[in-house]
Every structure is written in C-alpha cells, then in structure tokens.
Amino acid sequence: MTPKLHVVTDDQILNRRDFLVSAKAILEAGQQRVALHLRGPCTPGRDLFHKAVALRPIAEAAGGLLLVNDRVDLALALDLPGVHLGQRSLAPETARGLLDEGQTLGLSVHGLRDVCHWEEGTLDYLMVGTLFATTSHPGRTPAGTDRVREVTLVTSLPLVGIGGITPERVGEVLAAGAFGVAVRGGIWDAEDPTTATRGYLKELEGCC
C-alpha cells in the first residue's frame with residue numbers, strides 16, 4: 001500500500017549536515033505511513049548511493065518506504081523498495097520491466113497530457129502537481145486542486161498531490177480526490193521535522 005505522506009528531498013536538503021538525522025526523525029515519526037523520496041537531480045550518483053545505503057536500514061527499522069527518484073540503477077544495485085519517475089525518466093513500462101514485482105513504482109504528472117493508459121500493474125501511484133505556489137518551482141504556475149480532479153477522471157491509480165501543500169491545505173487536496181500528499185519545505189524547513197511530520201499525518205488521518 002502506498003503511504004499517504006510522501007516526504008521529498010532536493011539537492012540542497014541532501015547536502016545539509018543534519019540530513020541523515022532529520023531523515024531518521026521523519027521516518028521514525030511516520031513509520032509505515034511515510035514514503036521518503038531520495039531526490040537529487042544534480043547530486044552525484046555516488047553521493048546518492050551512500051545516502052541510500054545509510055537510509056535503507058533506518059527505513060526498514062521504522063517501517064517507512066524508501067524511494068529513489070529517477071535512478072532505477074540505484075534501486076536495482078541496492079534492492080531498494082522502489083523508484084519514483086519524472087517525465088524525463090525511463091518510461092514506466094521500461095522501469096517496471098527492470099524492477100521486481102514487489103517494488104513500488106510511481107510517476108509525476110502535470111496534467112492530462114502526461115497520463116497514459118499503462119498496462120495494469122505498471123504503476124502504483126501518480127504524483128500530481130504543481131498544485132500551489134512553491135519555492136522549489138518558482139517559475140511554474142500553480143494549477144490548484146482542479147488538476148487533481150481532472151486526473152481522477154482518467155485513472156483509478158492513487159493520486160498524491162504535490163506543490164506548496166501546507167497542513168491547512170491537506171483537506172482541500174484530499175477532497176479533490178487525492179489519496180495523499182507530498183511535502184518538501186513544509187517538513188524539511190520546519191523547526192522540528194518530527195513535529196511537522198506528525199502534523200501532516202494528523203491532517204491526513206483526520207480527513208479520512
């Protein structure tokens with residue numbers, strides 16, 4: 001089952017001195033309810049490899065889902081639980097053919113143009129954005145929750161909303177048809193990532 005809360009990194013977050021400490025706190029706070037995305041498009045593969053090696057036992061002990069973004073090769077080399085793909089990544093069908101049946105596979109979409117009728121079992125979820133204004137994509141016009149609504153019309157896959165989602169917006173995103181939410185700054189930039197993680201989970205569970 002895909003967790004309802006997806007916590008996403010970026011290159012700057014991966015380079016923070018306290019990254020592993022914060023990641024451990026997030027995984028332990030969320031346990032099986034959290035998916036941690038190791039995402040660093042400009043981070044060298046060697047660095048991603050070492051961070052994945054360090055995080056894998058922490059995620060396993062906590063029960064959280066550790067996903068690596070784009071890098072199917074790292075998922076295969078380390079037998080990670082799964083991969084999240086972007087629009088410039090390998091095609092979902094190709095990635096699924098390389099991964100084991102039990103490994104999770106997700107895909108980012110930015111509207112109906114990105115949604116295809118994949119063979120059943122190819123993908124486990126879709127991440128839909130950008131919903132609200134976010135500093136991670138300053139030049140991208142937010143689409144609002146209507147983007148989630150339109151994607152629900154053409155797929156039965158679980159949808160995870162992303163982009164500027166604060167705890168106060170979780171209910172609105174779920175009401176539009178999303179299964180869960182993905183967060184970057186709302187957790188990584190919080191004074192206490194543990195408290196922030198629990199806050200999002202409380203909103204997610206309260207809306208169910």
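Refer to the preceding data block for the structure.
Residues numbered from 1 in each chain as written. Predicted model: local features only at pLDDT ≥ 70, side-chain atom pairs only at ≥ 80, totals over all residues. Heavy atoms only, no water.

(A) Up close: the pattern of salt bridges. All told, the structure shown has nine salt bridges when counted by the stated rule. The salt bridge partner of E60 is R56, with a shortest N-O separation of 3.0 Å. Note that E60 and R56 are positioned in helix α3 (residues 45–62) at a spacing of four residues, about one turn of the helix. For E60, a relative accessible area of 52% gives the class exposed. R71 is paired through a salt bridge with D73; the nearest N and O atoms lie 2.8 Å apart. Judged by its relative accessible area of 41%, D73 falls in the partly exposed class. (Salt bridge = Lys/Arg side-chain N within 4 Å of Asp/Glu carboxyl O. Helix = DSSP H or I, 4+ residues; strand = E, 2+ residues; numbered from the N terminus. Buried < 20%, exposed > 50% of the residue type's maximum accessible area, 1.4 Å probe, protein only.)

(B) Structural detail: the sheet that holds strand β1 (residues 5–8). Pairing is parallel around the closed barrel formed by eight strands, whose spatial order is β1-β2-β3-β4-β5-β6-β7-β8. Ignoring which end each strand starts from, the neighbouring axes of this sheet average 25 degrees apart. Sheet topology places strand β2 (residues 34–38) next to strand β3 (residues 65–69); four bridges connect them, and they run parallel. Note that in β3 the partner of A35 across the bridge is L65. Here helix α2 (residues 19–30) sits on the sheet in contact with β1 and β2, set at roughly 155 degrees to β2. On top of the sheet, helix α9 (residues 193–206) reaches β1, β2 and β8 (180–183); it is set at about 150 degrees to β1, its chief contact. (Pairing = 2+ DSSP bridges. Axes fitted to C-alpha atoms, helices over the stretch in contact; angles between N-to-C directions. Contact = heavy atoms within 4.5 Å.)

(C) The arrangement of α2 in detail. Over its twelve residues, α2 runs 16 Å from end to end, which matches the ideal 16 Å to within 8%, given 1.5 Å per residue. Buried residues in α2 make contact with β1, α1 (11–14), β2, α3, α8 (185–188) and α9. Backbone geometry just downstream of α2 places Q31 in the positive-phi region, at approximately 50 degrees. (Expected span 1.5 Å × (residues − 1).)

(D) Layout of the side chain of D11. In this fold, D11 is placed in helix α1. R39 provides the closest opposite charge to the buried, unpaired D11, separated from it by 6.0 Å. In terms of polar contacts, D11 uses its side chain to reach the backbone amide nitrogen of C42, at 3.0 Å. Excluding residues that lie within four positions of it along the chain, D11 makes contacts with R39, G40, P41, C42 and T43. (Lys, Arg positive; Asp, Glu negative; His and termini not counted. Polar contact = N/O pair within 3.5 Å; in protein donor to acceptor, adjacent residues only side chain to side chain.)

(E) Structural context of the packing of aromatic side chains. As enumerated under the stated definition, the model contains one aromatic pair in all. Lying across the ring of F179, K4 places its NZ or CZ 4.1 Å from the centre. Its guanidinium or amino end placed over the ring of F132, R169 lies 4.3 Å from that ring's centre, counting from NZ or CZ. (Phe/Tyr/Trp six-rings, centres within 6.5 Å; stacked < 30°, edge-to-face > 60°. Lys NZ or Arg CZ within 6 Å of the ring centre and 35° of its normal.)

This is a description of form; function is not addressed.
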